[in-house]
Amino acid sequence: MTDINETKLPGVGVLHDFECQSGDRIGVISHHAGRREVLIYDPHDPDRVGECATMTADEARSLADLLGGTSVTARLDVLRHEIAGLSIDWLRIPAGSKYAGKTIADTALRTRTGVSIVAIIRNDQPIPAPGPDEELQVDDTTVVVGTAEGIDSAARLFAGSTS
Amino acid sequence: MILAAIPGAATLLMELGAILLALAFLGRVAARFGIPSIPLYLIAGLAVGNGGVVELVTARQFIETGAQIGVILLLLLLGLEYTGDELTAALKNHAPAGAVDLVLNFTPGLVLGLILGWDPRAALLLGGITYISSSGIIARVLADLGNTGNRETPVVLAILVTEDLVMALYLPLMAGLLIGGEALNIGVEIGIAISAVIVALGLAIKFGNKISAIVFNQSDENLLLSLLGLALLVAGVAEQLQASAAVGAFLVGIALNGPAEHAARNVLAPLRDLFAAMFFAFFGLQIDPSDLPPALGLALALALITAATKLATGWWSARDAGIEWRGRLRAGTTLIARGEFSIVIAGIAVADGIEEDLGPLAAAYVLILATSGPLLARAADPIGRRIHERRSASLPA
């Protein structure tokens, strides 16, 4: 992520600026009154604004769309479509759970509920994509993916005691 | 005819009309040469005041009242420019710059006053006159030169903010000192006034949202009346507490934010322009133009010294913020302009009559720096470029 400086300009608004990989420095002033100024700093005098374009709030929004805002929205929509009907949740293995000490293969969780364990968080350390031989321990947090109903029954199974 | 019933009404209208037209004409001339209108308004006042070319008779009273409203509107709109957050942030991040500014620029005026053998209070007033840069002129210069986004600009603005806050404490202090009396009484009065300002500032920052919500109204007409009424009332109470009317108006401005702030700026700006012009003209009006030439030499010397100290202030503060030398030069030259607030302080001195040489000196001083400040700020980049070219030319290729 680009490192953006934010500076308050008392009586004017807020200035955001950052340096591009190319070495060009770009800034945007958001005026209290809503107006935006897009700035390109002078390459020979890095503290000075070389070029400046003033635009209304509406025009600034259009520019933001042109610069990639639209494609971000489009991509987000695709993502949302793909995960419709799919849930992600974090389930803890409580003390006394009958799954504690068993391997993922032993639990047969996927067969019973259709839910997959995609990661385990143990002592704040993530174990991504654990193998079927990975043993579950008390106080592990499992990251599970499946249908909402499947995840509900997985949670009930995890909470069930050995007795 | 309704007007005929009031004696002198015709003269009043003609004088006022003529004065406003003259101010408008001078404003156009100023814009033509890229200088602020403040110095020309002063000159207009000088021309029609005591010992001027023509002496105003009837309109003087009206202009005097207008001038008082002008100060209040100037400070109200200045307060509107800032939000409480911006004030505290500027103080937190740029306190050293503010301190350097105070020491370097207050001292020359104070010392000159003492050397001249003035009352120490008059010397303190002269210190205030040389200390405070003109937020109004500088804001205009930054926008005109397209320097608002420059990386040294936050430093310049932070210095202006601290100056305005110092003013909020300095004006009650001077008001207390000028009343005089027993040392203990003065101390208590000033203590009360300054605590009142600090408490009011805290309240303004904390409860600004609520106050703004109450004042705000969709109708511009109603908003104008509410705002002007509130500002005048608070200013009057502040004056009663010896905390200076101007400071009261400034605090009202700080308290307002959000939609109320934005709308307030739109409805009040034209009024401010009208009454502030009267304020500058009224200050000139009180000064006999024949007193100016004798004060000119001293004013020029003081202007040279305090232009140098402001340049040093801007240079040091910008360097402290990691700005390279051309940015430091711009910050320094931008800060040189003195204007409305020096006149506000000088106006207090003239009204009090504490030192009769102070008015003409201050008028000449502001005339010089309000005119040359923006020109120097404009020259900063060409000068920087020339130095840069010379430097790179002298380097072996």
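Residues numbered from 1 in each chain as written. Chains lettered and ligands numbered in written order. Predicted model: local features only at pLDDT ≥ 70, side-chain atom pairs only at ≥ 80, totals over all residues.

Looking only at helices and strands, chain B features 15 helices and zero strands. Relative to the 2.2 N^0.38 estimate, which gives 21 Å for 397 residues, the radius of gyration of chain B is 21 Å and therefore close to what a compact globule would have. The principal-axis extent of the C-alpha atoms belonging to chain B is close to 85 × 50 × 50 Å. Relative to all contacts within chain B whose residues are 6 or more apart in sequence, the contacts with residues 24 or more apart total 79%. (Helix = DSSP H or I, 4+ residues; strand = E, 2+ residues; numbered from the N terminus. Rg over C-alpha atoms; globule rule 2.2 N^0.38 Å. Contact = placed C-beta atoms within 7 Å.)

Residues and elements named next belong to chain B. Where helix 5 (residues 120-131) contacts helix 14 (residues 340-352), the axes come no closer than 8 Å and their chain directions differ by 165 degrees. When the interaxial angle is binned, helix 5 and helix 14 end up roughly antiparallel. Classified by chirality, the crossing of helix 14 by helix 5 is left-handed. Between helix 5 and helix 14, the residues in contact are A122, L125, G128 and I129 and S342, I345, A346, I348 and A349, respectively. Classifying every residue of the contact of helix 5 with helix 14 by side-chain character gives seven nonpolar, two polar and no charged. (Axes fitted to C-alpha atoms, helices over the stretch in contact; angles between N-to-C directions. Parallel < 35°, antiparallel > 145°, perpendicular 65-115°, else oblique. Left-handed = near helix turned anticlockwise from the far one by under 90°. Nonpolar A, V, L, I, M, F, W, Y, C, P; charged D, E, K, R; others polar.)

With that settled, the discussion passes to the confidence of the model for chain B. All names here are of chain B. Of all residues in chain B, 97% attain a pLDDT of 70 or more, and the chain-wide mean is 87. By mean pLDDT, the top-scoring element of chain B is helix 5 (96), and the lowest-scoring one is helix 8 (residues 183-215) (82). Interface predicted TM-score (ipTM) for the complex: 0.72; the corresponding pTM is 0.76. (pLDDT = per-residue confidence, 0-100.)

Here we come to the nonpolar core. Ranked by internal contacts, the top residues of the largest apolar core, which has 139 residues, are B:I72, B:A249 and B:A281. Excluding residues within four positions of it along the chain, B:I72 makes contact with B:A231, B:L232, B:A235, B:A245, B:A246 and B:A249. Judged by nonpolar contacts, the second largest core, of 11 residues, contains A:V115, A:I117, A:V144 and A:F158. (Core = buried A, V, L, I, M, F, W, Y, C linked by C-beta atoms within 7 Å. Buried ≥ 20, exposed ≤ 12 C-beta atoms within 10 Å, placed from the backbone.)

Moving on, we get to the environment of B:L329. Tracing the backbone shows B:L329 in helix 13 (residues 325-334). Sequence separation between B:L329 and B:A380 is 51 residues, and the spatial gap between their C-alpha atoms is 6.3 Å.

The next subject is the interface of chain B and chain A. At the junction of the two partners, chain B supplies 22 residues and chain A supplies 18 residues. When contributions to the side of chain B that touches chain A are tallied by element, the ones reaching two or more residues are helix 4 (84-115), helix 7 (153-179) and helix 13 of chain B. It is helix 7 of chain B that contributes the most residues to the side of chain B that touches chain A, four residues altogether. For the side of chain B that touches chain A, a count of residues per class yields eight nonpolar, eight polar and six charged.

Residues and elements named next belong to chain B. Where helix 12 (residues 292-320) meets helix 13, the closest approach of the two axes is 7 Å, and the angle between their N-to-C directions is 140 degrees. With respect to their mutual orientation, helix 12 and helix 13 come out oblique. At the point where helix 12 passes helix 13, the crossing takes the right-handed sense. Contact residues: K310, L311, A312, G314, W315, S317, A318 and R319 in helix 12; G327, R328, A331, G332, T333 and T334 in helix 13. Taken together, the residues of the contact of helix 12 with helix 13 break down into five nonpolar, six polar and three charged.

Another point: the domain arrangement of chain A. According to the domain assignment, chain A consists of domain 1 (5-67) and domain 2 (87-159). Placing the centre of domain 1 of chain A and that of domain 2 of chain A at their C-alpha centroids yields a distance of 49 Å. (Domains from an automatic or database assignment.)

Residue and element names in this part refer to chain A. If you walk across this open sheet you meet the four strands as 6-9-7-8, and the pairing is antiparallel. Each having just a single partner strand, strand 6 (87-92) and strand 8 (125-128) make up the two edges of the open sheet. Averaged over all neighbouring strand pairs, the angle between strand axes comes to 25 degrees, with direction disregarded. Here six bridges tie strand 6 to strand 9 (residues 141-146), and the two strands are oriented antiparallel to one another. The partner of R92 across the bridge, within strand 9, is T141. Sheet strands in contact with helix 4 (residues 148-159) are strand 6 and strand 9, and its direction is about 5 degrees off that of strand 6. (Pairing = 2+ DSSP bridges.)

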